[in-house]
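Take a look at the letters that make up each chain.
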Amino acid sequence: MLEIRVESVVLEKHSRSGSIRGAGESTFRMQQLMKAARNGTKDGLEKTKNAVMRKVSFLQKREPQDQYEEDDAGYLDVQVSDSKHPPPELGPMPAGLTPQQIVRRHILSSIVQSERSYVESLKRILQEYKKPLLEAEPKLLSARKLRVVFYRLKEVLQCHSMFQIALSSRVAEWDTSEKIGDLFVASFSKSMVLDVYSDYVNNFTNAMALIKKACLTKPAFLEFLKRKQASNSDRITLYGLMVKPIQRFPQFILLLQDMLKNTPKGHADRLSLQLALTELETLAEKLNEQKRVVDQMAEIQQLAKSVGDRTLNKLLSSGQRQLVLCETLTETVYGEKGQILKSKERRVFLLNDLLICANINVKSQPDIGSLVPVGPKYTVKWSTPLLQVQVVEVGLEGKGYNKDTIIFQHPGSKKTSSTSLSSKIYMGPPRLYQELQELQQDLTVVNQISQLISTLHGTYQNLNLIVAQDWTRALQRLIRIKEDEIQSANKCRLRLLLPGKPDKSGRPVSFMVVFNTPNPRSKISWVNRLHMAKVALTKDNQPGWLCIEDDGKTKAPFWCPLLACRMPMYSSKCQDLKPAAALHTPVQSSLLGISIASTCLAQGYLWIGSGREQGLGQVDLFSLNRSAPKHVKSFQVSSWVLCMEYIPLTVREEDDVDCPMDKPGDSPIIVMGLQDGSIVGYASVDMATQHLFIFKSPREVPVVCLKHLLNVLFAGLQDGTVTIYTRTNDGKWEWDTPHLVKVGSASVETLLAVDETVWASCRNKVTLINVLCFATRCFEAHPDDEVRVTQMMKAGGGVWMAFSAGSSIRLFHTETLEHLQEINVVPRSTFFTPGQKNILVTCLLVCQGMLWVGTNQGILIALPVPKLEGIPKVTGKGMISLNAHCGPVEFLIPTIGSLDLDLLKSESTEEMPEYQELNSKEDSSSQESLQDQHNHLDKKQGISLCYNLRSTSHLPGQLLSAHSGEAQANENSLEHSVEDGSIYEIVDDPDVWVRSRSSAREVVKKEKVSSVAIASGGRGYQNFSRDFKPTVHNRNENTLLIWQIPLSL
């Protein structure tokens, strides 16, 4: 009778609440309840409840609490009256202010005005829209729907009303204190603000969908919105008002960035402003991520509704799919002669393991687009597994698959044609690559003819070297034009090879789909995301990261680093070498196609220095101009390489015409510090590794660390001395007369460039050396004298430090040297092997909003930090890599490159600006400067085909020229017009680069897309399961791991 007692209690509760409407009805319902209980089995309780719920109308399941119910818990209803709390008002400007103070006042005025406008917009929504709709008779929208539409707006207003009160008092005392940063920290670091804005932002899509539906189904509601918009002078819509909370924090960030730029160092408000930027950026990032997830779910749900295939519908509705990218692209079908047969807009969805193309159904709807965005409905056209999708560039057909086993068909056509990719029928520009090959073949023949002509003994008017040179020039011109056409065809055209159903004979049928992207940036984004999504499906990345302090069910975000490859660092004969230093030398080439440039690692070379305790040192070079590094060169040096430093290209001033650009000081230099006290320099000319200089440190003390800043090279020695080498105005280094600074009695552990100072760590102290006058000051980074500062890494306005004892890292302010944060990198629910208590930090790196931490156990941890110029404190839970080394992580190196979008344009050389302004700093230093700015001088790669023009107008016959009209125009001229020499890549292997002089007619301002990968080196490789059980693949082999990060667009 347990079931009876349970349900009787429920009945009694409903009886007390007035739910039982009649005694007779109640008795009848009770009899049904008793009967159901008697018929129960071992699960009788559940069956009884089900039977009662089916039969008894007054027994209703208790509804879960509506998330949109008004819940004022924790929120004060602040009624701000203008008389009691007038809006902030900045008084008249006092006399005697500095220009910087005047600018700060203007920025404060902008903050006050924008906040007043924002609060007025929030009040306007509640007073002009919510209140009339609640009071309307008959109701235009139900009370519940109104709660959904205006969810959390009241609380958002309360937060900013409180902020406005505090802002008023701060503005009133501005001329005496000039502080605003701490107010932002106090107002927007509260969890309440994040909760309120999160609820509002996450609900925004639902609110807009409800408004759209109401506009379509309730003409009176649509008329109400139109009337309200027309009655306002600014004509702003309800959507325009409601989107303002989503835009508010990015506006705050821009204003505070301007304020920080105009706040001098040492100002009382500077640290507060940096902390405020950190708080606002963290808040905005969290809101953006939550909004992204909500929008992704809404997009997938909308797509799932339009899927007829039950299997695909189930996959989309399971919640296991992540939306990586979706965009409206134009599908274009070409005929055999290259003519456009049809084009239509499609919505293309890239999921983590699927690619889906859908038709966009645009039905006739009332004109509500101006009031609220109208989302389209979709009809799925095709879907295919991601791993079966291939990107095919014009000119690269037939690579990566067997074209003899593929039958191609035009999308939408019923008949298949056995046309291979090597024929003239292309889904895009017809025969471009074939025509290029024909021109290159003709150029080869003309070169052979020229050689034969040079062997002639007689003199012939129509057959001489002048004519042959003119043929060569014209063919070079035609080849250049054809290359531009191919590049133009690739820059906005996304060609995908997709699998189809086999034909009757069982052979696989594939078809090509061609999409036109809105711009080159979109094309690059698609190619890169397709590549990265495939990398994410590899075994090493399933999963690749685990969120710290979670239950293991939390998915790592898609943008997390992906293990692109792992490879041995040395040959089998050199496994006794120990790596100690590494760096990346950037190289940029415009000759790589979009597809290659969007999928390969950052262009350039990875240098790894290593050695043995006794014996020669070794340097290994890896080419990164591909999707996986390739070992291309190694050479030996006199001793173990302990450190390496990159000195970037010296940029001459425009008026410095007397200085030739071919001096040794004008090329990038790789400087190495050796154990025998040698400092060795090599020219960074791709793989040439030209030896430039070698000299010894004072007393031949081992060189432990190097740092370059503002044309000064600092070398930290093992005896606690920092030797400083300067450079003369003509670019020569003064190696023989170094300046010596003693920072301690023990070894200098590490050097770090911070603004105009170099930080040198020795034991537990850090000494700051001014690069201009070499003055020093010192502070204590750890209270224990026996603990050494082993690692330092700068980001924004802070420096992270690691120590020789313990697993904690500390954050210090770069200006006040104040200790701001301390983090224990070992997770609370530690994943490390039991018994491993002495966990140390061996490497630090800040890159792309993540603080990378390498440990002596080979484990890598990534912690989130801000990307802007605020304080780089850890702002959330970290991730632990499930791919690791078996021994200590010896180095973490960022490889940063950029793809120049302007070089993808199809304009000819004549249309480019005539002069180039070099906008890079001469003082950019080392790996940090490459990571922060990577503004080194870009040089085109290739060999210049130069020639001297001579008159051939006196020779009879038609002139061979690049343009047919050019020959006619010059037929009666005395001289041919001068043509520009073109730069060509003459080597197919991307590992080999031939450097030429940069043309003076290059584009100045270049829109770039950043490519970032992280390289880690250490002994062995192991990966972990979700419960962190290791699988060791190799324990003693030095291994290089490369993590690739999606392109930053």
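Residues numbered from 1 in each chain as written. Predicted model: local features only at pLDDT ≥ 70, side-chain atom pairs only at ≥ 80, totals over all residues. Heavy atoms only, no water.

Within the protein chain, the regular secondary structure consists of 20 helices and 40 strands. The buried share of the protein chain, reckoned over its 1049 residues, is 51%. Of all intrachain contacts in the protein chain linking residues separated by at least 6 positions in sequence, the fraction that spans at least 24 positions is 66%. Approximately 49,500 Å² of the protein chain is accessible, and the part contributed by carbon and sulfur atoms is 51%. (Helix = DSSP H or I, 4+ residues; strand = E, 2+ residues; numbered from the N terminus. Buried < 20%, exposed > 50% of the residue type's maximum accessible area, 1.4 Å probe, protein only. Contact = heavy atoms within 4.5 Å. Areas by Shrake-Rupley, 256 points an atom, 1.4 Å probe, with all protein chains shown as cover.)

Below, the discussion takes up the pattern of salt bridges. Applying the stated criterion across every chain yields a total of 27 salt bridges. A salt bridge links Arg 124 to Glu 128; the nearest nitrogen and oxygen atoms lie 3.7 Å apart. Of this pair, Arg 124 and Glu 128 both sit in helix α4 (residues 99–135), four residues apart, which is roughly one turn of that helix. You can call Arg 124 buried: its relative accessible area is 16%. The residue Arg 321 makes a salt bridge to Asp 353 at a minimum N-O spacing of 3.1 Å. Pair noted here: Arg 321 is in the loop between α14 (310–317) and β1 (323–334) and Asp 353 is in the loop between β2 (340–351) and β3 (354–361), with a separation of 32 residues, a long-range link. (Salt bridge = Lys/Arg side-chain N within 4 Å of Asp/Glu carboxyl O.)

Here the focus is a negative patch on the surface. A cluster of acidic residues, Glu 780, Asp 784, Asp 785 and Glu 786, forms a negative patch on the protein surface. With respect to the secondary-structure elements, Asp 785 resides in the loop between β26 (776–780) and β27 (789–795). On the accessibility criterion, Asp 785 (44% relative accessible area) is partly exposed. (Patch = residues over 30% accessible without salt bridge, like charges linked within 9 Å, V, L, I, M, F, W, Y side chains within 5 Å. Lys, Arg positive; Asp, Glu negative; His and termini not counted. Charge placed at Lys NZ, Arg CZ, Asp CG, Glu CD.)

Bringing unusual backbone geometry into the picture now. Between Glu 137 and the following residue, Pro 138, the backbone shows a cis peptide bond with an omega angle of -5°. The amide bond that connects Gln 542 to the next residue, Pro 543, takes the cis arrangement and shows omega of -10°. Note that Pro 543 resides in the loop between α17 (520–536) and β9 (545–547). The residue Asn 711 is not glycine, and still its phi comes out positive at about 65°. Within the secondary structure, Asn 711 sits in the loop between β19 (703–709) and β20 (712–717). The backbone of Arg 763 shows a phi angle near 55°, a positive value even though the residue is not glycine.

Scored by pLDDT, the protein chain comes out at a mean of 76, with 70% of its residues at no less than 70. For the stretch residues 36–65, pLDDT sits under 50, and the model shows 32 contacts to residues farther than four places along the chain or on other chains. The low-confidence segment residues 905–927, where pLDDT is below 50, has 63 contacts with residues more than four positions distant or belonging to other chains. (pLDDT = per-residue confidence, 0-100.)

Ordered by their spatial adjacency, five strands build an open sheet running β9-β34-β33-β32-β31, and the pairing between neighbours is antiparallel. In this open sheet, the two strands that pair with only one neighbour each are β9 and β31 (841–847). Across the sheet, the mean angle from the axis of one strand to that of its neighbour is 25°, orientation sign disregarded. (Pairing = 2+ DSSP bridges. Axes fitted to C-alpha atoms, helices over the stretch in contact; angles between N-to-C directions.)

Here we take up helix α12 (residues 244–261). Between its first and last C-alpha, α12 extends 26 Å over 18 residues, near the 26 Å set by a 1.5 Å rise per residue. Within α12, the full set of buried residues consists of Pro 245, Arg 248, Phe 249, Phe 252, Ile 253, Leu 255, Leu 256, Gln 257, Met 259 and Leu 260. (Expected span 1.5 Å × (residues − 1).)

The subject of this paragraph is the sheet that holds strand β16 (residues 669–674). The four strands lie next to each other as β15-β16-β17-β18, forming an open sheet whose pairing is antiparallel. Single-partner strands in this sheet number two, and they are β15 (641–647) and β18 (690–696). Each adjacent strand pair in this sheet contributes to an overall mean axis angle of 20°, direction not counted. Where strand β17 (residues 678–683) meets β18, six bridges bridge the pair, whose relative direction is antiparallel. Within β18, the residue paired with Ile 679 across the bridge is Phe 695.

Okay, the pairing of β1 next. Pairing analysis gives eleven bridges linking β1 to β2, with the strands arranged antiparallel. Paired with Glu 331 across the two strands is Lys 344, which belongs to β2. Strand direction decides the pairing type here: β1 and strand β8 (residues 509–516), joined by two bridges, are antiparallel. Along β8, the bridge assignment pairs Thr 330 with Asn 516.

So, on to the pairing of strand β33 (residues 860–864). Of all five residues in β33, four are buried; the element is thus mostly enclosed. Bridge analysis of strand β32 (residues 850–855) against β33 gives five bridges, and the strand direction is antiparallel. Along β33, the bridge assignment pairs Leu 851 with Leu 863. Between β32 and the antiparallel strand that follows it, β33, lie four residues; Gly 858 among them carries a positive phi value of about 85°. In this sheet, strand β34 (residues 879–881) lies alongside β33 in antiparallel orientation, the contact comprising two bridges. Looking across to β34, one finds that Ile 861 is bridged to Ile 880.

Summed over all chains, the structure comprises 26 aromatic pairs. Between the aromatic rings of Phe 635 and Tyr 682, the centroid separation amounts to 4.9 Å while the plane-to-plane angle is 50°, which identifies the pairing as tilted. Here Phe 635, found in strand β14 (residues 630–637), pairs with Tyr 682, found in strand β17; they are 47 residues apart in sequence, far enough to count as distant. This pair shows no difference in class: Phe 635 is buried, exactly as Tyr 682 is. (Phe/Tyr/Trp six-rings, centres within 6.5 Å; stacked < 30°, edge-to-face > 60°.)

Looking now at the environment of Ala 284. Mapped onto the secondary structure, Ala 284 falls in helix α13 (residues 270–305). Among the residues examined, Ala 284 registers a relative accessible area of 10% and is labelled buried. For the pair Ala 284 and Pro 250, spaced 34 residues apart in the sequence, the C-alpha separation amounts to 7.1 Å. Those residues within four positions of Ala 284 in sequence are excluded, and the remaining contacts are Phe 249 and Ile 253.

Below, the discussion takes up the nonpolar core. Ranked by size, the top nonpolar core spans 66 residues in total, and within it Phe 150, Ile 180, Phe 184, Ile 211, Phe 221, Met 242 and Phe 249 carry the most contacts. For this core, the element with the most residues is helix α9 (residues 191–217), which contributes 13 residues. The residues contacting Phe 249, other than those within four sequence positions of it, are Phe 188, Val 193, Tyr 197, Leu 280, Leu 283, Ala 284 and Leu 287. Core analysis: the second largest hydrophobic core is formed by 49 residues, Ile 809, Ile 839, Leu 1041 and Ile 1045 among them. (Core = buried A, V, L, I, M, F, W, Y, C linked by side-chain atoms within 4.5 Å.)

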